[in-house]
There are 2 protein chains.
Amino acid sequence: MSKKPLSIASLSGFPEWLPEQQIVEDQFIQRIRDYYELAGFTALRSRSVEPLDVLLTKGETDKEIYVLKRIHDDDASPAKFGLHFDLTVPFARFVTEREQALVFPLKRYQIQSAWRGERPQEGRYREFIQADADVVCRGQLPLQYDIDLPGMLIDILDGFPIPPVCVRVNNRKVMDGFFQALEIEDSTSTMRLVDKLPKLGREKTQQLLEEQIGADKARKVLKLCQIHSQDTSFVDQVKDLGVTSPVLEEGLEELSAVIAGNQHKRSGAICADLSIARGFDYYTGTVYEGFMEGFEHIGAICSGGRYNDLVAQSSQGKLSLPGIGVSIGVTRILGILMGRGLLRASRSTPSCVLVALNDLESQGDAIAVATFLRSRRIPCEVFDEPKKFGEQIRYANRKGIPYVWFYNADEQGNHQVRNLSAGDQQQVDLATWTPDPSLLHPTVVRVDASEG
Amino acid sequence: MSKKPLSIASLSGFPEWLPEQQIVEDQFIQRIRDYYELAGFTALRSRSVEPLDVLLTKGETDKEIYVLKRIHDDDASPAKFGLHFDLTVPFARFVTEREQALVFPLKRYQIQSAWRGERPQEGRYREFIQADADVVCRGQLPLQYDIDLPGMLIDILDGFPIPPVCVRVNNRKVMDGFFQALEIEDSTSTMRLVDKLPKLGREKTQQLLEEQIGADKARKVLKLCQIHSQDTSFVDQVKDLGVTSPVLEEGLEELSAVIAGNQHKRSGAICADLSIARGFDYYTGTVYEGFMEGFEHIGAICSGGRYNDLVAQSSQGKLSLPGIGVSIGVTRILGILMGRGLLRASRSTPSCVLVALNDLESQGDAIAVATFLRSRRIPCEVFDEPKKFGEQIRYANRKGIPYVWFYNADEQGNHQVRNLSAGDQQQVDLATWTPDPSLLHPTVVRVDASEG
């Protein structure tokens, strides 16, 4: 199998994977599903299209929408529908429409493609898969969810062979309360500036902040943003700034609970980072952004937060449903790693066994072997022509199939199995033979950068 | 849980499911994946969009394509991309582009949405999921695949609680050879007429056929189309018509092999049906159409066939890759059955256990129970407020969660579990308790029409 980093896009921004890469994506998605379901989240799948008025309520992103028309529609008639650009907007619309048929608290996950007409670059695609999990309540949403969700993210990502992820947590109330205490009037634009800190750099941000709120406040805001800690020591650091307000206190308490509640996870898996703002307006409490070690510059590979009202994001604001959610950027993570040739599957097929075909007369025997192995949940295939065994073995090697099965291997009609990587061939009993468990299914392999 | 048939589309032709329905779709897709992978098919996922010239090579269907533009693109500039309307065209394009990186015979499956701007009706949607499996070779494609693929379809569909499916098989060579022997010149338009037989009815088809090829030939063609059998007796019925040609003989032989090779399946699961034509031009041998008992009028719910050259369907015809494939209409099958309220999941959540919350002080104990159950792969959730147990149990009942867990249930701090359907509550040991295996995950339930 080629170890060369593979070009992923014949159409810029629309990644596609080869078989040995698609297996990685599928296993990653399966792992996410498993964990979401173990935690009681139920699957939803929304249609890919939304009426344009639903998509446009979220303001800022309208420029990135793909609109849809039937090919023979009148050119002059305006498009009415577009592809969704995230999974939150369709979820909000879905809940608005189906509220009567749903039981709350609703814990749903959704793993689907979304589309944005942005300029493609590493980690940014026009078609990409997101894996969202949200809890939505009627009434109060307990703080425990703020603690549980990043814990779930960490459990999912820690078990997959990707670089370690750090989930950086903040709370909108910390920033809002801090701004209130400083009597900053336009807290939204100040927060937007802070959000751009990683892009603009410290100097430029400071300059813009000073223009907006004056040098003294700008200095304090930047000091706040520099605070981060893996434990709850950030609280004292904030207090040392000598700024306080009830909202700030509330935010610090909530943030402490999230950090303290995840201290039993891997060291470095979670930290408080008071610069995390999240660009969107609808977050009202806890916010998350996760970064992959060594790839921080590419941006958050998972994110989320708490919102006071899911449905305020849809066009019909009749209900009030507070919620909290996380989203894993499946394509972003894999696009970075597979695009650089750092991750692949151990083989390019699910087949664990290739049943070699002796001759056409005994094809029925070959099929019987395969049928029996499949009944024991061992993926396998029968070679489709009675070619020389050398050629059949070469095919298995090229796909990475670990075992080749020979029926009627001797005059007594015994079965033999060759383990291609070990190079040994043994007589076996069809009824009881089992593959090495580590070879039953393809596994995901981290490729050393030096190998690439 | 409501047993009322649920309206599935707030946007006509774009079905969406409630949680207890989405679980059905997911389990159906998982079953298809499982069987495809056991047979050595590897997953591919193509991007959702194709250049318009790729989509338009397949002629007939251009009117149904959704084209895509960025919302701020110039209105006058023509769209360059469209959403794919099936999974074969993107697969052909993918193989053309990546041929050097792929190993043949390539066995791939692809389970994805496709889009068609058609008028929606029962069983016909604008966005729908197809589950395709194809084998593509360099050189000759052995006939064994023609036998294996419908067998795989039958195994997949027989184990799912849907009405029995009959896969009707024909071979293009039978019809072509028959037409040749009758010296019918424009065999393509004759075949298209035959393909419309179920829609037009016998009389209308006969009339159109007579206009095209004359009364005598029309009579013979219609006689051919009436031939069907569950075993290979169709061969003699064809021979009785007194028409023969080498191509016809070859077709009868191949068709016999497919029918004979699947005689060990459920009686009625497969039959030869000499009226099956499949509308598309590219099939060259075996063709399949599967129908669900009682829903034959809605059309084929799975289909497929053999083609001489996959890549001829894409825009760059450099390679010659014969192939054979099948496609399961996931949304068509479930749209029919769930749209009529005939199928649902046993519950609306993956959670097998609800851990009841005693009080906030002991929330850590509740979470520890859940964490332990999850480590043993038992999906569960903790109720998020210390409400009265009655209320917590009501929540479990509404979602169909089968067990409610009580920690510190007595003064010794023992655990108790209530089985909500059985109504009994027992003291249990956290370390060893296991749910009834039939209750671990939601199951798919056939709803009696009389209940609906």
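Just so you know, these numbers come straight off a predicted model, no measurement behind them.

Asks: Describe the interface of chain B and chain A, and please don't skip the residues or the numbers.
Replies: Of the residues lining the interface, 83 residues belong to chain B; the matching set on chain A comes to 83 residues. Summed over both partners, the interface of chain B with chain A comes to about 7,100 Å²; 55% of that surface belongs to carbon and sulfur atoms. Of all residues in chain B, Glu16, Leu38 and Arg45 of chain B give up the largest surface area on contact with chain A, accounting jointly for 11% of the area buried on that side. Our count for the contact surface shared by chain B and chain A stands at ten salt bridges. Aspartate 26 of chain B is the salt-bridge partner of arginine 45 of chain A, the closest N and O atoms lying 3.9 Å from each other. Counting across the interface, chain B meets chain A through 28 residue pairs in polar contact (both at pLDDT 80 or more). Ranked by residue count, the leading element in the side of chain B that touches chain A is helix H1 (residues 19-38) of chain B, at eleven residues. Taken together, the five bridges between strand S3 (residues 66-70) of chain A and strand S3 (residues 66-70) of chain B define a ladder with antiparallel strand orientation. From the neighbouring strand, leucine 68 of chain A faces S3 of chain B, where its bridge partner is leucine 68 of chain B.

Asks: Give a description of the sheet that holds strand S17 (residues 415-419) of chain B that names residues and reports values.
Replies: All names here are of chain B. The strand order S15-S14-S16-S17-S18 describes an open sheet built from five strands, whose pairing is mixed. Whereas interior strands pair on both sides, the edge strands pair on one side only; in this sheet they are strand S15 (380-382) and strand S18 (424-428). Neighbour-to-neighbour, the strand axes of the sheet open up by a mean angle of 25 degrees, direction not taken into account. Its contacts with the sheet place helix H14 (residues 389-399) against strand S14 (353-355), S15, strand S16 (403-406) and S17, and it is angled at close to 150 degrees to S16.

Asks: Report on helix H8 (residues 202-213) of chain A, specifying residues and quantitative values.
Replies: Residues and elements named next belong to chain A. The end-to-end C-alpha distance of H8, which contains twelve residues, comes to 16 Å, matching closely the 16 Å that a straight helix rising 1.5 Å per residue would cover. When H8 is considered as a whole, its buried residues turn out to be Thr205, Leu209 and Ile213. Along the axis of H8, the buried residues cluster in a sector spanning 40 degrees; they form a single face. Within H8, the exposed residues directed more than 90 degrees away from the buried face are Glu203 and Glu211. Elements that come into contact with the buried residues of H8 comprise helix H6 (187-195), helix H7 (197-200) and helix H9 (215-226). Looking one or two residues past H8, glycine 214 carries a phi angle of roughly 90 degrees, positive in sign.

Asks: Report on the side chain of asparagine 262 of chain B, specifying residues and quantitative values.
Replies: Relative to the helices and strands, asparagine 262 of chain B is located in the loop between helix H11 (246-260) and strand S9 (270-273). When near neighbours in sequence (up to four residues on either side) are disregarded, asparagine 262 of chain B contacts Ile147, Pro150, Gly151 and Ile270 of chain B.

Asks: Which residues make up the packing of aromatic side chains, and what values go with them?
Replies: Taken as a whole and assessed by the stated rule, the structure comprises 21 aromatic pairs over all chains. Plain terms: the ring middles of tryptophan 115 of chain A and tryptophan 115 of chain B are 6.4 Å apart, the flat faces sit at 80 degrees to each other, and that makes the pair edge-to-face. Here tryptophan 115 of chain A, found in strand S5 (residues 106-115), pairs with tryptophan 115 of chain B, found in strand S5 (residues 106-115), and the two come from separate chains. The exposure class assigned to tryptophan 115 of chain B is buried, which follows from its relative accessible area of 2%. When the centroid spacing of 6.0 Å and the interplanar angle of 80 degrees are considered together, the rings of tyrosine 282 of chain A and tyrosine 307 of chain A count as edge-to-face. A residue pair is termed long-range when its members are at least 10 positions apart, and tyrosine 282 of chain A in the loop between strand S9 (270-273) and strand S10 (283-292) and tyrosine 307 of chain A in strand S11 (residues 302-307) qualify at 25 residues.

Asks: Go over the sheet that holds strand S4 (residues 81-83) of chain A with me, naming the residues and quoting the values.
Replies: Judged by pairing direction, the sheet is antiparallel, and its six strands sit side by side in the order S2(A)-S4(A)-S3(A)-S3(B)-S4(B)-S2(B) without closing on themselves. A single partner strand is all that each edge strand has here, and the edge strands are strand S2 (49-51) of chain A together with strand S2 (49-51) of chain B. Averaged over neighbouring strand pairs, the angle between their axes works out to 45 degrees when direction is ignored.

Reading the values: the criteria
Residues numbered from 1 in each chain as written. Chains lettered and ligands numbered in written order. Predicted model: local features only at pLDDT ≥ 70, side-chain atom pairs only at ≥ 80, totals over all residues. Heavy atoms only, no water. Contact = heavy atoms within 4.5 Å. Buried area = accessible area lost by both parts, 1.4 Å probe. Salt bridge = Lys/Arg side-chain N within 4 Å of Asp/Glu carboxyl O. Polar contact = N/O pair within 3.5 Å; in protein donor to acceptor, adjacent residues only side chain to side chain. Helix = DSSP H or I, 4+ residues; strand = E, 2+ residues; numbered from the N terminus. Pairing = 2+ DSSP bridges. Axes fitted to C-alpha atoms, helices over the stretch in contact; angles between N-to-C directions. Expected span 1.5 Å × (residues − 1). Buried < 20%, exposed > 50% of the residue type's maximum accessible area, 1.4 Å probe, protein only. Arc of directions from axis to C-beta. Phe/Tyr/Trp six-rings, centres within 6.5 Å; stacked < 30°, edge-to-face > 60°.

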